[in-house]
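Coordinate analysis (summary)
The lines below spell out each chain.
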Amino acid sequence: MEALSCCIANSRSFLLGLLLLLASAVFFTEAETHHHDFVVQATPVKRLCKTHNTITVNGQYPGQLGSKQWRHPRSQSHQQSSIQCYHSLVIPCMHTCMLLQKNQPTHGIRQMRTGWADGPEFVTQCPIRPGGSYTYRFTIQGQEGTLWWHAHSSWLRATVYGALIIHPKPGSSYPFTKPKRETPILLGEWWDANPIDVVRQATRTGAAPNVSDAYTINGQPGDLYNCSSKDTVIVPIDSGETNLLRVINSGLNQELFFTVANHKFTVVAADASYTKPFTTSVIMLGPGQTTDVLITGDQTPARYYMAARAYQSAQGAPFDNTTTTAILEYKSAPCPAKKGVSTTPVFPSLPAFNDTATVTAFSKSFRSPGKVEVPTDIDESLFFTVGLGLNRCPPKFKSSQCQGIPGVFTTDYPAAPPVKFDYTGNVSRSLWQPVPGTKLYKLKYGSRVQVVVQGTSIFTAENHPIHLHGYDFYIIAEGFGNFNPSSDTSKFNLVDPPLRNTVAVPVNGWAVIRFVADNPGVWLMHCHLDVHITWGLAMAFLVENGVGALQSIEPPPADLPLC
């Protein structure tokens, strides 16, 4: 029997146990500390004609959509938050009951020296035990824009997520004309089943999990699904005004195209970093990525569909081929109840599900607003392959035999694949079996790091959204085929590359990122397609302390959960 797996640099790292990352969007002034309580609970949620007992935060699905927001700190000060999580869940399993353990942080917050609040289970903390609590204490500094929070345990983030928005500091402004209004747009996936049951069934069989039954916009599937039209999300706009859409792909396993009928977008930020503005009619986001776009009410007052559908780069792999919609509605549009007036929203043209050319053109349009300080004189030059593999499980294996690795980590993660091969060609089956491991790569504080992230064609090639906790990085180049250090270095943008926290590595291609290791701690790097995390597509960096307290990780808090 063979089980699908994922690997980085032919070394597989497993995430063990269950973890929950939580946060909330709160409004900050000067360097105050704000305290917030969060309860993870099961809540009845009806979608696609059926009601499911769904895991939520404070009874909301999705979580709070930015009605409370972080404020960028004033100069020379920071905004501090303490978030206390209460564990109150019991989740029914197939034949037994399991008490859910959890942890929590935020996606994209750098957590400078506060890795204890980053969240990944058995990476930066042990799960919160049933009946226990843990207070996450962290500081926001030097970040501004759209991020989000989500669960980081099994597939709980299918429903446990929300927007996290950091506004400019008081007295400061956006690097563009202030929009009339701002709207978070959270793209998600919905299973007409318990997502935890879906992934457990796949783990038991070794097969790929069932695909989602619907996509959602702010938690609602929209007009094209059964029993969904009355709750379709409406986004208002006035003629002549310019609004900001904060688009987040909070989907579990699917990269998504997003567009609005008859309207253009001006892209102004991504992953909480401003960009050089550019115009496009469609954007593509991998899970974990955010994109801020301006949209102007310059069309005939009417109702226009917003729509999202899959970008599916893995040939032959099953995927959810449905389309979710919301409605951009002009305030002066004809009233839907008025007789004789057609109020059917205008439907947009979406790219084909496999339109890699559109994805490539969009990705290559990103630039920083001006010249930036890209790390040079590299200290650590790393080459990681990312892709699928096949695990040969023992005959008559028990369900636990192919699901994890006992023991602690080592620091001998390879800087390059142990075996060189034609990564994007016809790979020999002898190389399809990944090597299990829980290995970390050690970095000295302040080291300048370059990572070539090389996709492979093992089993099937696809676009991988690779996310690094605790850091933003510059994407200095990307391309197709095998990375060639002799010729592809000429493509490096060392002037104004975009700053991101998640890079979409092209299908059968590569991307090059650079960063300075200035945040001590253990930081997870993983594919944000959660099915790939389940299969082991993850590793971690161990960044050593520097000199003095300000270059060292803070001591663990007294209430850090025990294993």
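All figures in this text were calculated on a predicted structure; none of them were measured in a lab. (Residues numbered from 1 in each chain as written. Predicted model: local features only at pLDDT ≥ 70, side-chain atom pairs only at ≥ 80, totals over all residues. Heavy atoms only, no water.)

1. Points about the sheet that holds strand S20 (residues 290-296)
Strand order in the open sheet made by the 6 strands is S13-S12-S15-S20-S17-S18, with mixed pairing throughout. If you trace the sheet from one side to the other, it starts and ends with strand S13 (214-217) and strand S18 (273-280), each paired once. Adjacent strand axes in the sheet meet at a mean angle of 25 degrees, parallel and antiparallel pairs treated alike. As judged from the 6 bridges shared by strand S12 (residues 182-190) and strand S15 (residues 242-249), these two strands associate in the parallel manner. Each residue of the ladder has a partner; that of Ile185, found in S15, is Val247. (Pairing = 2+ DSSP bridges. Helix = DSSP H or I, 4+ residues; strand = E, 2+ residues; numbered from the N terminus. Axes fitted to C-alpha atoms, helices over the stretch in contact; angles between N-to-C directions.)

2. Focus: the confidence of the model for the protein chain
Per-residue confidence for the protein chain gives a mean pLDDT of 86, with 83% of residues at or over 70. Counted against residues more than four places away or in other chains, residues 9-30, with its pLDDT under 50, gives 139 contacts. (pLDDT = per-residue confidence, 0-100. Contact = heavy atoms within 4.5 Å.)

3. As for the pattern of salt bridges
Scanning all chains against the criterion turns up 16 salt bridges. For the salt bridge of Lys50 with Asp192, the shortest nitrogen-to-oxygen distance reads 3.7 Å. Placement of Lys50 in strand S4 (residues 50-57) and of Asp192 in the loop between S12 and helix H1 (195-205) is noted, with a sequence separation of 142 residues between them. Judged by its relative accessible area of 46%, Lys50 is partly exposed. Linking Asp379 and Arg448 is a salt bridge whose minimum nitrogen-to-oxygen distance equals 3.1 Å. Note that Asp379 is positioned in the loop between helix H2 (356-363) and strand S23 (380-392) and Arg448 in strand S26 (residues 448-455), a separation of 69 residues in sequence. Take Asp379: its relative accessible area is 42%, and that puts it in the partly exposed class. On the accessibility criterion, Arg448 (30% relative accessible area) is partly exposed. (Salt bridge = Lys/Arg side-chain N within 4 Å of Asp/Glu carboxyl O. Buried < 20%, exposed > 50% of the residue type's maximum accessible area, 1.4 Å probe, protein only.)

4. Quick look at the state of the cysteines
All told, the structure shown has 2 disulfides when counted by the stated rule. Across the disulfide, Cys49 is cross-linked to Cys227 (sulfur-sulfur distance 1.9 Å). Residues Cys49 and Cys227 are joined through a disulfide that is right-handed, its torsion about the S-S bond being 90 degrees. Taken together, the residues span a long stretch of sequence, with Cys49 in the loop between strand S3 (33-47) and S4 and Cys227 in the loop between S13 and strand S14 (234-237) at a distance of 178 residues. (Disulfide = S-S within 2.5 Å.)

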